[in-house]
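Inside the fold
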Amino acid sequence: MAKPPVSLRVIKHAIPDEVWPTRDEAARARWFQPVQLGRSLVAATRTWVPAMVPWRATADGEVTRDVLDWYGRFAEGRPGVLVVEATGIRDVPSGPLLRAGHDRFIPGLAELVRVVRERSHGETRLLLQLIDFLSIRRRPEPARYFSQFLAVSDAHRARLGGPWRSAPEAAVRAHLATLDDAALNAVLTARELDDLRMGARERITDTERPHIRELPRVLPDLFAAAAVRAHAAGFDGVELHYAHAYTMASFLSALNTRDDGYGGPREQRVRLPLEVFARVRAAVPPDFVVGCRYLGDEVIAGGSGVDDAAYFGVAFARAGLDFLSLSKGGKFEDARQPAIGAAAYPYTGPSGHECMPTVRSDARGPFGRNLALARAVRAAVRAAGFTTPVVAAGGINSFTLAERALADGDADIVAAARQSLADPDWFLKLRLGRGAEVRRCKLTNYCEALDQQHKKVTCQLWDRLDPAGAGDRIEGRRRLVAPPWTPPP
Ligand SMILES: Cc1cc2nc3c(=O)[nH]c(=O)nc-3n(C[C@H](O)[C@H](O)[C@H](O)COP(=O)(O)O)c2cc1C
Ligand code: SF4
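This one's a predicted model, so the numbers in the text were calculated from it and none came from an experiment. (Residues numbered from 1 in each chain as written. Chains lettered and ligands numbered in written order. Predicted model: local features only at pLDDT ≥ 70, side-chain atom pairs only at ≥ 80, totals over all residues.)

Helix and strand counts for the chain stand at 21 helices and 14 strands. Its C-alpha atoms give the chain a radius of gyration of 23 Å, within 12% of the compact-globule value 23 Å for 489 residues. Projecting the C-alpha coordinates of the chain onto the three principal axes gives extents of approximately 85 × 50 × 50 Å. Residues counted as buried form 48% of the 489 residues belonging to the chain. By sequence separation, contacts in the chain at least 24 residues apart represent 71% of the contacts at least 6 residues apart. (Helix = DSSP H or I, 4+ residues; strand = E, 2+ residues; numbered from the N terminus. Rg over C-alpha atoms; globule rule 2.2 N^0.38 Å. Buried ≥ 20, exposed ≤ 12 C-beta atoms within 10 Å, placed from the backbone. Contact = placed C-beta atoms within 7 Å.)

Moving on to the sheet that holds strand β8 (residues 289-297). The eight strands lie next to each other as β4-β5-β6-β7-β8-β9-β11-β12, forming a closed barrel whose pairing is parallel. Across the sheet, the mean angle separating the axes of adjacent strands is 30 degrees when strand polarity is ignored. As paired elements, strand β5 (residues 81-88) and strand β6 (residues 125-131) share six bridges and run parallel to each other. Across the sheet, the residue bridging to Gly-88 is Ile-131, located in β6. Relative to β8, helix α14 (residues 306-319) is tilted by about 165 degrees, and along the sheet it contacts β8 and β9 (324-328). Against the sheet, helix α16 (residues 371-383) contacts β8, β9 and β11 (390-392), and its axis sits at roughly 175 degrees relative to β11. (Pairing = 2+ DSSP bridges. Axes fitted to C-alpha atoms, helices over the stretch in contact; angles between N-to-C directions.)

Right, let's talk about the packing of helix α10 (residues 215-233) against helix α13 (residues 271-283) for a bit. Close contact between α10 and α13 brings their axes to 8 Å; oriented N to C, the two are set at 35 degrees. Where α10 crosses over α13, the two elements pack in a sense that is right-handed. Where α10 abuts α13, its residues Pro-216, Leu-219, Pro-220, Asp-221, Phe-223, Ala-224, Ala-227 and Val-228 lie against Leu-272, Glu-275, Val-276, Arg-279, Val-280 and Ala-283. Residue composition of the contact of α10 with α13, grouped by class: 11 nonpolar, no polar and three charged. (Left-handed = near helix turned anticlockwise from the far one by under 90°. Nonpolar A, V, L, I, M, F, W, Y, C, P; charged D, E, K, R; others polar.)

Taken domain by domain, the chain holds domain 1 (6-137 + 216-479) and domain 2 (142-198). The distance between the C-alpha centroids of domain 1 and domain 2 comes to 42 Å. (Domains from an automatic or database assignment.)

On to the site of ligand 2, then. Every one of the 13 residues lining ligand 2 counts as a neighbour, but Arg-418, Cys-441, Tyr-446, Cys-447 and Cys-459 are closest to it. Residue assignment for the shell around ligand 2 shows that the elements contributing at least two residues are α18 (418-422), α20 (446-452) and α21 (460-463). Broken down by element, the residue count for the shell around ligand 2 peaks at three residues, all from α18. Partitioned by chemical class, the residues of the shell around ligand 2 number eight nonpolar, three polar and two charged. (Near = placed C-beta within 6 Å.)

This part covers the site of ligand 1. In the vicinity of ligand 1, 25 residues are found, and the nearest of them are Pro-50, Ala-51, Ala-86, Ala-417 and Arg-418. At the level of secondary structure, the elements contributing two or more residues to the shell around ligand 1 comprise β5, α18 and α20. Ranked by residues supplied to the shell around ligand 1, first place goes to α20 with three residues. For the shell around ligand 1, the class distribution of residues is 14 nonpolar, six polar and five charged.

Now for the environment of Pro-220. Its place among the elements puts Pro-220 in helix α10. Given 20 C-beta atoms within 10 Å, Pro-220 falls into the buried group. Taking the C-alpha atoms as reference, Pro-220 lies 29 Å from Arg-191; in sequence the two are 29 residues apart. Ignoring anything within four residues of it in the chain, the contact list for Pro-220 reads Glu-275, Val-276 and Arg-279.

Have a look at this one:
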């Protein structure tokens, strides 16, 4: 077989050496200058920890001691902004993910805010990421799929032909279960094949289902009510999750073919995200920050690209969103096939790699890989006359890279997820001129593999360190938070 072109070959990239700033250099650095978000909120620095689900809530979506420890530990590094994980806006069971779908969640969220304020010495601004998602099932046993899930139709019978046209349904089901892949390809629809091979997954285009058809009617109020709860709990603002594989991103997607005025051309795809924002904005005080995270590129066949992202960015800025946080990829459409009994995970395919790039990458490498998208969106927003801050993320694991991105006008704020997970103190270490002590993320995605299995997320680098000390949280052989670091007096 011919070798792929050099630009596509997978290379294992080394983490580049870093020249760390002195304390004075850090004090002058762009990354550590304040930035205003919305009408009056000022973040002390342009450092940002984007949302990361750690799987530490109760099965009922409540804040636990583990959740408090997790966010409290990030707060100790005093990022300018800390975004709390994707938090469900509905009051429905959704596993150990935080929820904001009912007033009973407010006290737990308020405690989270209190802990972050205390452990960041009041410095870190705190946003809650608000998410809606549709249902997804695990990949079924084929026998079960054919005996229970598939709706056998006349079309199936016709494609099978011969005696199957009038055979009893049970016989048709039993026969289908014996067919090989090629034969099934000829009998089942593309959607049925996907349900069989990946697990059934609802799409926003399933408008024949009443609860999907009604999404534009119900989502604005659900988001607004969750934002009101975030405000009541003391958060500085919310980040509307319009990115990755979830409901709102699916409305923005070029694959959105809804014919009810909420799909098709860009201006209709952006309609619901704008209506959600308008309802949220009207429900919370004017100084409460409301921004969104969305995709600079979906990186899937037929999906939205950077031109769409620039168009959406201008529309969001015009509507008055307080910040635009750019991400990339992370879609179900190209996800790897899950094992039988497991659910598809949107960060396993090529678009997933673009979302959380690893050192095993093409020639461009993972470092600052997505900055060009932020740059293009920011340029479009500025050209349209808006000053809305743009947040960039993706493979940023060094001071030099962040500083260069700001100097080059790629973004106004630079976010680092996994590097902050590997070492939550790293912003503080940089500011103190102690960059040489930063525990550097390897960008190998051990953490992401835990997320994929819905296991408590930790970092491989924490586990290899010295035995537990006082105050460490250990479960089995794993630390649940980064080892402690004591800043010099
Ligand atoms: C364990 C884990 C959980 C994540 N959860 C979320 C999430 O809840 N919401 C979100 O928008 N992005 C989520 N992300 C994506 C990150 O916010 C970020 O965009 C991505 O990791 C790329 O940035 P990085 O290279 O700095 O890690 C998650 C990433 C990881 C590693
Ligand atoms: S587990 Fe690996 S990729 Fe994740 S934060 Fe730690 S070093 Fe980085």
